[in-house]
Amino acid sequence: MIGIISAMEKESKYLTSVLDSPRREEISGIPYTSGVLEGRECVIATCGVGKVFAAICAQTMFLRYAPSMLLNSGVAGTLTPKLKIGDIAVAQKFVQHDMDTSAVGDPPGLVSGIRKIYFPADPDLVQLLQDCARKERCGVQIGCIATGDHFVAEQAEKERIAKRFGAVACEMEGGAIAQVAYVNRIPYAAIRTISDCADGTAPEDYAAFVGEAVARSAGVVRRFLAGLGREAAFARGRNCF
Ligand code: ADE
């Protein structure tokens, strides 16, 4: 079972609409639709915006569906000139940029209970996601994705997050899912298509480009699932003759 989490319905709609034999259930207000996509058993959830909903969703998915991996698909604001609107950020690692116990001497971003600032994505999944993303006609960057309970729409905040954490994109769920994946030892990766520049232009650009950006991320996830099928067949030494 592969777990796929998106924040908003417009993000998960594309993938749920192409699921074979869909079964839907709702837990704590979050819809989970399971079925078969590109030959793979999947469960697709629309978690809602922000870290708490994302964590509730990922933990529930883990306990209820026992996924062998988690993917997060969606949109993000860019934190680097290397990523323009419509380009793709593949997470190499995640940080929660609003996690801050520096007043008691900790470094910014530290999740103090487990002494971690950065949560890594699974390297094999990152590689496959990156290969799939490169098939789109757009720029692709691998890097740190910064998560926080803010829609970043100010140049100063954008620069602070980029500089402090070396992050390439910002969003509101990926780092929370990463923490859940880490404590439960689930391989995890995320892809985010850039919808805005996380500065004063962000609210307008987000509204204009979120639809196309969502479709691009979902298309890459679909290609990823198809690629996984081929890789699994290859690993089993499938006899084609
Ligand atoms: N998701 C898409 N754009 C974003 C932004 N600028 N800040 C946070 N999350 C986002």
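(A) Seen up close, the side chain of S217. When you line up the elements, S217 lands in helix α6 (residues 202–235). Engagement of the side chain of S217 in a polar contact is seen with the backbone oxygen of G74, the distance being 2.7 Å. Leave out the neighbours within four places in its chain, and S217 touches S73, G74, I191, R192 and T193.

(B) The site of the ligand, seen in detail. Taken together, the neighbourhood of the ligand is formed by 13 residues, with G77, H150, V152, E171 and D196 sitting nearest. One of the backbone N or O atoms of V152 is found 2.8 Å from a nitrogen atom in the ligand. Here a nitrogen atom of the ligand sits 2.5 Å away from a polar atom, N or O, in the side chain of D196. Listed by contribution, the elements that provide at least two residues to the shell around the ligand are β5 (69–78), β9 (167–171) and β10 (188–196). The element contributing the most residues to the shell around the ligand is β5, with three residues. Of the residues in the shell around the ligand, the class split is eight nonpolar, three polar and two charged.

(C) Local environment of the pattern of salt bridges. What the rule picks out here adds up to 10 salt bridges. Note that D98 and K51 form a salt bridge whose closest N and O atoms lie 2.8 Å from each other. Of this pair, D98 sits in the loop between β6 (88–96) and β7 (118–120) while K51 sits in helix α2 (residues 51–65), placing them 47 residues apart in sequence. Assessed through its relative accessible area of 13%, K51 is described here as buried. For the salt bridge of E136 with R216, the shortest nitrogen-to-oxygen distance reads 3.0 Å. A residue pair is termed long-range when its members are at least 10 positions apart, and E136 in the loop between α3 (123–133) and β8 (140–147) and R216 in helix α6 qualify at 80 residues. Its relative accessible area of 15% is what places E136 among the buried residues. R216 gets classed as partly exposed once you look at its relative accessible area, which sits at 22%. Put simply, E136, R216 and R223 are held in one network by salt bridges that share partners.

(D) Layout of the environment of L110. In this fold, L110 is placed in the loop between β6 and β7. A relative accessible area of 5% places L110 in the buried class. Counting along the chain gives 36 residues from L110 to G74, while the straight-line C-alpha distance between them is 25 Å. Not counting the four nearest positions on each side in its chain, L110 is found in contact with M99, T101, R115, K116 and I117.

(E) Local environment of the nonpolar core. Among the nonpolar cores identified, the biggest contains 65 residues, and I4, L70, F224 and L225 are the most heavily contacted of them. Top contributing element to this core by residue count: α6, with 10 residues. For L70, the contacting residues outside a window of four places in its chain are G3, I5, A58, M61, I177, A181, I186, P187, Y188 and A189. One finds L79, V95, A162 and A198 within the second-largest nonpolar core, a separate group that totals 11 residues.

(F) Main features of α2. The end-to-end C-alpha distance of α2 is 20 Å, a good match for the 21 Å that 15 residues give at a rise of 1.5 Å each. Where α2 is concerned, the buried positions are K51, A54, C57, A58, T60, M61 and Y65. A positive phi of about 45° marks A66, the residue just after α2.

The rules behind these values
Residues numbered from 1 in each chain as written. Predicted model: local features only at pLDDT ≥ 70, side-chain atom pairs only at ≥ 80, totals over all residues. Heavy atoms only, no water. Helix = DSSP H or I, 4+ residues; strand = E, 2+ residues; numbered from the N terminus. Polar contact = N/O pair within 3.5 Å; in protein donor to acceptor, adjacent residues only side chain to side chain. Contact = heavy atoms within 4.5 Å. Near = heavy atom within 4 Å. Nonpolar A, V, L, I, M, F, W, Y, C, P; charged D, E, K, R; others polar. Salt bridge = Lys/Arg side-chain N within 4 Å of Asp/Glu carboxyl O. Buried < 20%, exposed > 50% of the residue type's maximum accessible area, 1.4 Å probe, protein only. Core = buried A, V, L, I, M, F, W, Y, C linked by side-chain atoms within 4.5 Å. Expected span 1.5 Å × (residues − 1).

Scope: geometric values only; no functional claims are made or implied.
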